[in-house]
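# Coordinate analysis (summary)
If you want the building blocks of each chain, they are given just below.
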Amino acid sequence: MLNDLLTYLTPYLCYVKGQPVIFTQLYFWGFFAVVLGIYSLLYKQNKARTVYLLLVSFFFYYKTSGVFLILLIFTIVSDYNWGRLIYESKTIGKKKMYLTFSLLLNLSLLCYFKYAYFFVESVNQMGNTHLEFFNHFTSFSNTFLGTADPIDKLILPVGISFFTFQSISYTIDIYREKVKPVNSIFDYGFFVCFFPHLVAGPIVKAHEFLYQIYQPYNLSKKEFGLAVFWIINGFSKKIMADYIAVNYIDRVFDNPTLYSGVETIFGIFGYSLQIYADFSGYTDIAIGIALLLGYRLKTNFKSPYKAQDVSEFWKRWHISLSSWLKEYLYIPLGGNKKGTIGSYICIAIISGVLVMLTGEMWLFLALLFVAILFVLLAYFFPKIKQSINTNVNLLVTMLLGGLWHGSSWLFIIWGGLNGLGLVVHKLWHKISPFKNSTSFATKAFCVFITLSFISFTRIFFRSDSLDTVSLIFDRIKNHLGLELTFSVIKGYAVVFAVILTGYLIHWIPESFKQNYRERFATLPKPAMAAVVIVAVFCVYQLISGEMQPFIYFQF
């Protein structure tokens, strides 16, 4: 009997490879119901609730990423102690030294798990060598923890980019004297791995969250309603994203030669809606769950496709990453005022990565020529030097943002194109005759241009290789097939209706959205429950097979 019970419970309590816990699974909501049930007995005691939620978060991450829980715990223990050393140091030199050690350790772990495999492959390609990659972490887990993973491959820990950036914000904020060290390692562990935002954000900065750990639990009736709204809103977005992906977008990007240019263009704009609905859906649910538990996470998306230019888009899209890069990278590099040694070191590192990604020596020579040209221009023309210095940090930030997403030419090109878009907009804004226009037609045109630019740069983000990118552009250029437009719309009528509905809802004025959110939040409990049941029933009509993992799990 006991063996049968253990056999039954094993898939629910133990890590199952390839089956991460996602918010749209019935398993997660069963898990969350149990968590809430026990939490209702502890929530008035700050220390007890913190330790409890830390253990819950450890279990959640173990179920999602297995033995990589060890890496998460190591990060917590490491940066908790570095933070105390920084705070207790009497001299600025020691503070800088401990901060440097913390940053190097965090970034080394991040770079190892995200880039070590491609580094070995690139060396082999450039030097015509046959070096074999050896995964030391997998070897350790196979030897001591009984796993059986291949040691010649590198498995990316789920959410490593998110919890690493959060941990970095803690030591930097202590160094800048924005926060004091937490009272215990349990408090710090909870900050780093609070399960709603652990694996796909939003990225939480230390000075925006730590103080909440020590506040008494507080949740008004209206906030409870808003939490339920965000959960249902995010759930609906995710189901919509999966539906349009499975029934149209994935088909176009996986087999571009089978589709006309018109179908491909529809797929490109559809993908922009998919990735928004998928990612913002996750963070909506995370914000709602965290709020039910008494913690407030920052808004991560503000209707980004309402943006009238690229600069505004990046103030509305993935705000937690954009603001993190601005606060901890862009401004320290000099912001829009000057270039620094750090800026040019970053440029050199990115150039080295590009050369390694391609394995081509001609690229190294081309980048060297460009660098020498810019140095000469800056030396002989001071105004050009000033312009270079004010824009180089922007480009560096966006290139590193692209590299943050993965070790691929495609991500770096995507980041570079968005960086160029920001630079061009800065220059255009100075002479634009439309910048003060209040015309609806002008604003709508600017929104369309911005959405088109963002969508077409995402061809590089979504494609699996440069060959796929070339095929997609070839279909648009040489096989447009405008005469097929109405046939395509008719053939995918339901999918396109969902995409159109998604965009129209997205473009609803914010004041109207705020109004219906608050109306829902103040409904009587029976009416709120009825709305939830109807909403869940409706969105489940769009479910297409097994739930898909959230796109940003891979980062």
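Notes on the structure follow.

About the criteria used
Residues numbered from 1 in each chain as written. Predicted model: local features only at pLDDT ≥ 70, side-chain atom pairs only at ≥ 80, totals over all residues. Heavy atoms only, no water. Helix = DSSP H or I, 4+ residues; strand = E, 2+ residues; numbered from the N terminus. Buried < 20%, exposed > 50% of the residue type's maximum accessible area, 1.4 Å probe, protein only. Contact = heavy atoms within 4.5 Å. Areas by Shrake-Rupley, 256 points an atom, 1.4 Å probe, with all protein chains shown as cover. Core = buried A, V, L, I, M, F, W, Y, C linked by side-chain atoms within 4.5 Å. Phe/Tyr/Trp six-rings, centres within 6.5 Å; stacked < 30°, edge-to-face > 60°. Lys NZ or Arg CZ within 6 Å of the ring centre and 35° of its normal. Expected span 1.5 Å × (residues − 1). Axes fitted to C-alpha atoms, helices over the stretch in contact; angles between N-to-C directions. Parallel < 35°, antiparallel > 145°, perpendicular 65-115°, else oblique. Nonpolar A, V, L, I, M, F, W, Y, C, P; charged D, E, K, R; others polar. Patch = residues over 30% accessible without salt bridge, like charges linked within 9 Å, V, L, I, M, F, W, Y side chains within 5 Å. Salt bridge = Lys/Arg side-chain N within 4 Å of Asp/Glu carboxyl O.

### Regarding the overall build of the protein chain
What the protein chain contains, in helices and strands, is 23 helices and zero strands. Relative to its full complement of 555 residues, the protein chain shows a buried share of 50%. If you take every contact in the protein chain between residues at least 6 apart in sequence, the share linking residues at least 24 apart comes to 77%. Carbon and sulfur atoms make up 68% of the accessible area of the protein chain, which amounts to about 27300 Å² in all.

### Quick look at the nonpolar core
Formed by 129 residues in total, the largest nonpolar core has its most connected members in Leu53, Leu72, Phe191 and Phe195. Ranked by the residues each element gives to this core, the list is headed by helix 11 (residues 261–292), at 16 residues. Sequence-distant contacts of Phe191, that is, excluding residues within four places in its chain, are made with Gln166, Ser169, Tyr170, His197, Val204, Lys205, Ala206, Phe209, Leu210 and Ile213. Residues Val228, Phe229, Met528 and Val532 belong to the second largest nonpolar core, which totals six residues.

### What to know about the side chain of Ser102
By the secondary structure assignment, Ser102 is in helix 5 (residues 92–127). When residues no more than four places from it in sequence are discounted, the contact partners of Ser102 are Asp79, Trp82 and Thr171.

### A word on the packing of aromatic side chains
Taken as a whole and assessed by the stated rule, the structure comprises 64 aromatic pairs. Residues Tyr39 and Tyr43 carry aromatic rings whose centres are separated by 6.5 Å and whose planes lie at 35 degrees to one another, so their mutual orientation is tilted. Measuring from centroid to centroid gives 5.4 Å for Phe162 and Trp404, while their planes differ by 80 degrees, and the two rings are edge-to-face. Within this pair, whereas Phe162 is found in helix 7 (residues 160–175), its partner Trp404 is found in helix 16 (residues 382–404), the two being separated by 242 residues in sequence. No difference in accessibility class separates Phe162 from Trp404, as the two residues are buried. Seen from the ring of Trp404, Lys114 lies directly overhead, with NZ or CZ sitting 5.3 Å from the centre.

### Re the environment of Val424
Turning to its location among the elements, Val424 is positioned in helix 17 (residues 409–431). Placed 33 residues apart in sequence, Val424 and Asn391 show a C-alpha to C-alpha distance of 9.9 Å.

### A short note on unusual backbone geometry
Keep in mind that most residues, glycine aside, have a negative phi and that most peptide bonds are trans. The residue Glu177 is not glycine, and still its phi comes out positive at about 65 degrees. Within the secondary structure layout, Glu177 lies in the loop between helix 7 and helix 8 (185–193). Even without glycine at this site, His318 takes up a positive phi of about 40 degrees. Structurally, His318 is set in the loop between helix 12 (310–316) and helix 13 (319–330).

### A word on helix 11
Under the 1.5 Å per step criterion, the end-to-end length of helix 11 is 46 Å for 32 residues, consistent within 8% with the ideal 46 Å. Counting buried residues along helix 11, 30 of its 32 residues qualify, which places the element largely inside the surrounding structure. One or two steps after helix 11, the chain reaches Gly294, where phi turns positive at roughly 100 degrees.

### Section: the packing of helix 10 (residues 221–254) against helix 23 (residues 525–540)
Look at helix 10 against helix 23: their axes get within 10 Å of each other, and the N-to-C directions meet at 10 degrees. The orientation of helix 10 with respect to helix 23, classified from their angle, is roughly parallel. Touching Lys221, Phe224, Gly225, Val228, Ile232, Phe235, Ser236 and Ile239 of helix 10 are Lys525, Met528, Val532, Ala535, Val536, Val539 and Tyr540, all from helix 23. Along the lines of polarity and charge, the residues of the contact of helix 10 with helix 23 split into eleven nonpolar, two polar and two charged.

### Things to note about the environment of Glu208
Inspection of the secondary structure assignment puts Glu208 in helix 9 (residues 206–213). Owing to a relative accessible area of 23%, Glu208 belongs among the partly exposed residues under this scheme. Taking C-alpha positions, Glu208 is 9.9 Å from Lys178, a pair spaced 30 residues apart along the chain.

### A closer look at a nonpolar patch on the surface
Taken together, the side chains of Ile70, Phe140, Phe144 and Leu145 present a nonpolar region at the surface, about 380 Å² in accessible area. For Ile70, the position within the fold is in helix 4 (residues 69–88).

### So, the pattern of salt bridges
One pass over the full model with this rule turns up 13 salt bridges. Asp242 is the salt-bridge partner of Lys238, the closest N and O atoms lying 3.0 Å from each other. Of this pair, Lys238 and Asp242 both sit in helix 10, separated by four residues, roughly a single helical turn. The residues Lys238 and Asp242 share a single accessibility class, namely buried.

As far as function goes, none of this settles anything; it's purely spatial.
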